[in-house]
Amino acid sequence: MSNIPTDLRYTNSHEWVRDNGDGTVTVGITDHAQEQLGDLVFVETPEIGNTVEAGDACAVVESVKAASDIYAPLSGEIIETNAALTDEPELVNSDAFGEGWIYQIRMEDEDALTQLLDAEAYEAVAAEE
Amino acid sequence: MPFIPHTENDIRDMLQAIGANEIDDLFDEIPADLRSGELKTIPSAMSEMAVDRLMRDRAARDGRPLNFIGAGAYEHYIPSAVWQVATRGEYYTAYTPYQAEASQGTLQLIYEYQSMMTGLTGMEVSNASLYDGASSLAEAVLMAVRANRKSKSRKILMPTTVHPAYRATTHAIVHTQDIELVEVPFNPASGRIDPASLNQWEGEDITALVIPQPNFFGVLEDVDALTAWAEARGIIVIAVVNPLSLALLKPPGEWGESGADIVCGEGQPLGAPLSSGGPYYGLMCSKMKYARQMPGRIVGRTVDADGKPGFVLTLQAREQHIRRSKATSNICTNQGLVVTASTIHMALMGPEGLRRVASHSWRNIHELLKQLNEAGIETAFNSDSFHEVVIRVGKPAEEVLERMAESGVLGGYALSRDYADMDDAILICATETKTPEDLERYVAVLRDSL
């Protein structure tokens, strides 16, 4: 089983969410997701300033064999995107939970964080596939 | 092995395997009232000989009229070599192949086509073609909605100087997708859009502006001012062009400050015969930053594991076999054969040949217009044109055109079909195919028909 840090929250659709402690979160895709996709060739990040609802498709990761939507894990405003991914989409493969982060959201409602999966629950989701 | 892959026995075995009695059972899911049944207006089968006779009789009925109708489909001379080469066995297929990379010759031809299109339009990337000019505009609108991620309105400014059939097709394709086409009227004196008139949308969220060049009246729009207006407001610019005119006119890639974002149009003037309206092909080019939003196939040049050059279908992750319902369009094939002929046509003519055809056409319509003006017939608009002009004959245009046709001259297109207050307006086209005698005959026949 791939690496699943216990300090993060997760979604059924394989996004991870890091609480930055200031009302914002950082979002990426899990190590398991990048393994399934294979080598990434392009990441389409969301538009900074756009507001998203939980569950909205707001970014796309494209690998040599597939293109997949990335869903907003919770509602809020996109405040930052990872510009490094424009030239180095492979950062998502090499460091999914670190340098491969995709965007940051200012949360509309911080309680939404507690609705997301913890590491243990996500491990079960990933194991089922 | 039989030539027909499914024999009666095969079909029976397959039906048995899935528990169906006959092929009709496979359609049970479709409610009976939605099934067409027997098509009453389709006649029963005819022999090849009878069809041949029928088509010859019908063709003879058309006669050999002298044609001055343009309105989106243009009569140009196509050198014999073009279709001689295009119908060689190696090229003669309507499809981009499914095992694409096994057909390097076809891929190279499409790659050359794309290179020619980007050269003509001044854009960074071209796809491998679409169905026709009208659907290429609809696809361009859908692409603009995907590409303009700052805009939420899905509102498109659509000038009424865009070809009426293109507008109708675009409406049919996009209206169920919550996209609004907002009409931009033209100035009745100039026959084109007043750039200042766009200010009525100042401050509104607009996704894209469509700019035709030349427009449906043959008139040249003020493309720089229109493009600059859109650029300053983050609005995507969709250019609808006649590719032949680009041999003379400023390419869309150079309009305004940074050029049009998406270019579409009808490829027919580049090597496809009029042929009762088709098959033609649609062209589409864009800026590189929108390449992933582009519909259709794109051929790229690359090297293989041994470093040898080769051609591939690239950016396939946008396409339906990978992205399924999220694909940039459901176009899986294109007008391959027409594009093949068009590429050969462009290669044969070269940039200089295309420029000469375009300028000869420009000279012909302007010579005709001069003679018409001398005969007291008025021009409808006081603007510059490419190879079509609108005249006012002071009588119902449809009736005048009917009388002209009786004398063997197709005198143009009656604009009353699409525009109010234009009952006496005729859109005329004269391409390089017209001789000085043809132009004189036009003027004489028109005068007799008034």
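Because the structure is predicted, anything quoted here is derived from the model rather than measured. (Residues numbered from 1 in each chain as written. Chains lettered and ligands numbered in written order. Predicted model: local features only at pLDDT ≥ 70, side-chain atom pairs only at ≥ 80, totals over all residues.)

Novice: Help me get a handle on the overall build of chain B, residues and values and all.
Specialist: Looking only at helices and strands, chain B has eleven helices and 15 strands in total. A compact globule built from 450 residues would reach a C-alpha radius of gyration of about 22 Å, and chain B, at 24 Å, matches this within 12%. If you line up chain B on its principal axes, its C-alpha atoms span 80 × 60 × 50 Å. A total of 450 residues make up chain B; the buried ones form 42% of that total. A separation of at least 24 residues holds for 76% of the contacts in chain B among residues at least 6 apart in sequence. (Helix = DSSP H or I, 4+ residues; strand = E, 2+ residues; numbered from the N terminus. Rg over C-alpha atoms; globule rule 2.2 N^0.38 Å. Buried ≥ 20, exposed ≤ 12 C-beta atoms within 10 Å, placed from the backbone. Contact = placed C-beta atoms within 7 Å.)

Novice: For the overall build of chain A, give the residues involved together with the corresponding values.
Specialist: Across its full length, chain A carries four helices and nine strands. Taken from the N to the C terminus, the helices and strands of chain A come in the order β-β-β-α-β-β-β-β-β-α-β-α-α. In terms of overall size, chain A behaves like a compact globule, its C-alpha atoms giving a radius of gyration of 13 Å where 129 residues would be expected to give roughly 14 Å. Each principal axis of the C-alpha distribution contributes one length, and for chain A these read about 35 × 30 × 20 Å. Long-range pairs, those at least 24 residues apart, make up 64% of the contacts in chain A with a sequence separation of at least 6.

Novice: I'd like a rundown of the sheet that holds strand β11 (residues 378-379) of chain B, residues and numbers included.
Specialist: Residues and elements named next belong to chain B. Pairing is antiparallel across the open sheet formed by four strands, whose spatial order is β11-β12-β15-β14. A strand with exactly one partner marks an edge of an open sheet, and here the two such strands are β11 and β14 (413-414). Where β14 and strand β15 (residues 425-429) come together, two bridges link them in antiparallel fashion. In the strand pairing of β15, Tyr-413 is matched with Leu-427. Where helix α9 (residues 336-374) meets the sheet, its contacts fall on β11, β12 (388-392) and β15, and the angle it forms with β12 comes to roughly 15°. (Pairing = 2+ DSSP bridges. Axes fitted to C-alpha atoms, helices over the stretch in contact; angles between N-to-C directions.)

Novice: Outline the domain arrangement of chain B, supporting the account with residue identities and numerical values.
Specialist: Residues and elements named next belong to chain B. Taken as a whole, chain B is organised into domain 1 (66-77 + 353-449) and domain 2 (80-344). Listed as interface residues are 24 residues of domain 1 and, on the opposing side, 23 residues of domain 2. Looking at the side of domain 1 that touches domain 2, the elements with two or more residues in it are α9 and β12. Per-element tally for the side of domain 1 that touches domain 2: the top contributor is α9, with six residues. A breakdown of the residues in the side of domain 1 that touches domain 2 according to their chemical character gives twelve nonpolar, seven polar and five charged. (Domains from an automatic or database assignment. Nonpolar A, V, L, I, M, F, W, Y, C, P; charged D, E, K, R; others polar.)

Novice: Describe the interface of chain A and chain B, listing the residues and the values that go with them.
Specialist: Across the boundary between the two partners, chain A contributes seven residues, which contact seven residues of chain B. Each residue belonging to the side of chain A that touches chain B can be placed in one class, and the counts come to three nonpolar, no polar and four charged.

Novice: Please set out the packing of helix α4 (residues 104-121) of chain B against α9 of chain B residue by residue, giving values where relevant.
Specialist: A pair of packed helices can be characterised by two numbers: the angle between their axes and the separation between those axes. All names here are of chain B. Orientation of α4 relative to α9, taken along the N-to-C sense of each, is 60°, at an axis distance of 10 Å. Viewed along their axes, α4 and α9 adopt a mutual orientation that is oblique. Seen along the crossing, α4 lies across α9 with a hand that is left-handed. Every residue of α9 that contacts α4 at Leu-109, Glu-112, Tyr-113 and Met-116 is listed here: Val-339, Thr-340, Thr-343 and Met-346. (Parallel < 35°, antiparallel > 145°, perpendicular 65-115°, else oblique. Left-handed = near helix turned anticlockwise from the far one by under 90°.)

Novice: How would you explain the sheet that holds strand β4 (residues 40-44) of chain A if you had to name every residue and give the values?
Specialist: All names here are of chain A. The three strands lie next to each other as β4-β6-β7, forming an open sheet whose pairing is antiparallel. Bordering the open sheet on either side are β4 and β7 (67-71), each of which pairs with just one other strand. The mean inter-strand angle of the sheet, taken between neighbouring strand axes irrespective of direction, is 25°. Summarising the sheet, β4 and strand β6 (residues 57-63) pair through four bridges and their orientation is antiparallel. Pairing of Val-43 across the sheet is with Val-61, part of β6.

Novice: Hey, could you go over the pairing of strand β7 (residues 262-266) of chain B for me, with residue numbers and the actual values?
Specialist: Residue and element names in this part refer to chain B. Taking burial as the measure, the five residues of β7 include five buried ones, the bulk of the element. Of the two faces of β7, both are covered, the one formed by Ile-262, Cys-264 and Glu-266 as well as the one formed by Val-263 and Gly-265. Across four bridges, the pairing between strand β6 (residues 236-241) and β7 is parallel. Counterpart to Val-241 in the pairing with β7 is Gly-265. Of the strand pairs in this sheet, β7 and strand β8 (residues 282-286) are connected by five bridges, and their pairing is antiparallel. In the sheet register, Cys-264 faces β8, and the bridge partner there is Met-284.

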